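Breakdown of the fold
These are the residues of each chain, in order.
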Amino acid sequence: MVVHLAEICVCRERSGQGEHGECFAVDAKNGKLTLLNQIPALGEDPCYLSFDKTGKYVLVANYSSGTIAVFPVLADGRWENTRRS
């Protein structure tokens with residue numbers, strides 16, 4: 001899990017749905033999380049995620065497949081599924 005601005009981003013296995021990266025908005029008043037979107041991790045066993053220095057891209061590292069997927073962060077905080085890896 002990584003926190004970026006007012007978002008919490010998680011990579012996890014969704015039971016029966018495959019590996020995904022998920023991005024949640026955080027309500028500043030009560031801390032409640034709201035799912036913004038989820039995208040395929042484009043690899044096997046996502047194990048790490050990070051934002052680039054600009055905060056405009058999120059990178060997802062996949063352990064078993066040895067791949068890294070890069071997703072643009074949209075203005076509303078969601079990740080764009082561009083399928084780049």
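Just above, that's the structure.
Here's a quick rundown of the structure. (Residues numbered from 1 in each chain as written. Predicted model: local features only at pLDDT ≥ 70, side-chain atom pairs only at ≥ 80, totals over all residues. Heavy atoms only, no water.)

With that settled, the discussion passes to the overall build of the chain. Along the backbone of the chain there are zero helices and seven strands. Reading the chain from its N end, one meets helices and strands in the order β-β-β-β-β-β-β. Expressed as a percentage of the 85 residues in the chain, the buried residues total 33%. Pairs at least 24 residues apart make up 25% of the contacts formed inside the chain by residues separated by at least 6 positions. For the chain, the accessible area works out to roughly 5,300 Å², and carbon and sulfur atoms hold 52% of it. (Helix = DSSP H or I, 4+ residues; strand = E, 2+ residues; numbered from the N terminus. Buried < 20%, exposed > 50% of the residue type's maximum accessible area, 1.4 Å probe, protein only. Contact = heavy atoms within 4.5 Å. Areas by Shrake-Rupley, 256 points an atom, 1.4 Å probe, with all protein chains shown as cover.)

Further remarks concern the side chain of asparagine 62. Its location among the elements puts asparagine 62 in strand E6 (residues 57-62). A distance of 3.0 Å separates a polar atom in the side chain of asparagine 62 from the backbone oxygen of alanine 41. (Polar contact = N/O pair within 3.5 Å; in protein donor to acceptor, adjacent residues only side chain to side chain.)

For the rest of this paragraph, the subject is the environment of threonine 34. For threonine 34, the location among the structural elements is in strand E4 (residues 33-40). Taking C-alpha positions, threonine 34 is 5.2 Å from phenylalanine 24, a pair spaced 10 residues apart along the chain. Setting aside anything within four residues of it in sequence, one finds threonine 34 in contact with Cys23, Phe24 and Ala25.

Read from one edge to the other, the open sheet built from three strands follows the order E5-E6-E7, with strand pairing classed as antiparallel. This sheet does not close on itself; its edge strands, each paired only once, are strand E5 (46-51) and strand E7 (67-72). If you compare each strand with its neighbour and ignore which way they point, the axes differ by 20° on average. The pairing of E5 with E6 spans five bridges and is antiparallel. Within the sheet, the bridge partner assigned to proline 46 lies in E6 and is asparagine 62. (Pairing = 2+ DSSP bridges. Axes fitted to C-alpha atoms, helices over the stretch in contact; angles between N-to-C directions.)

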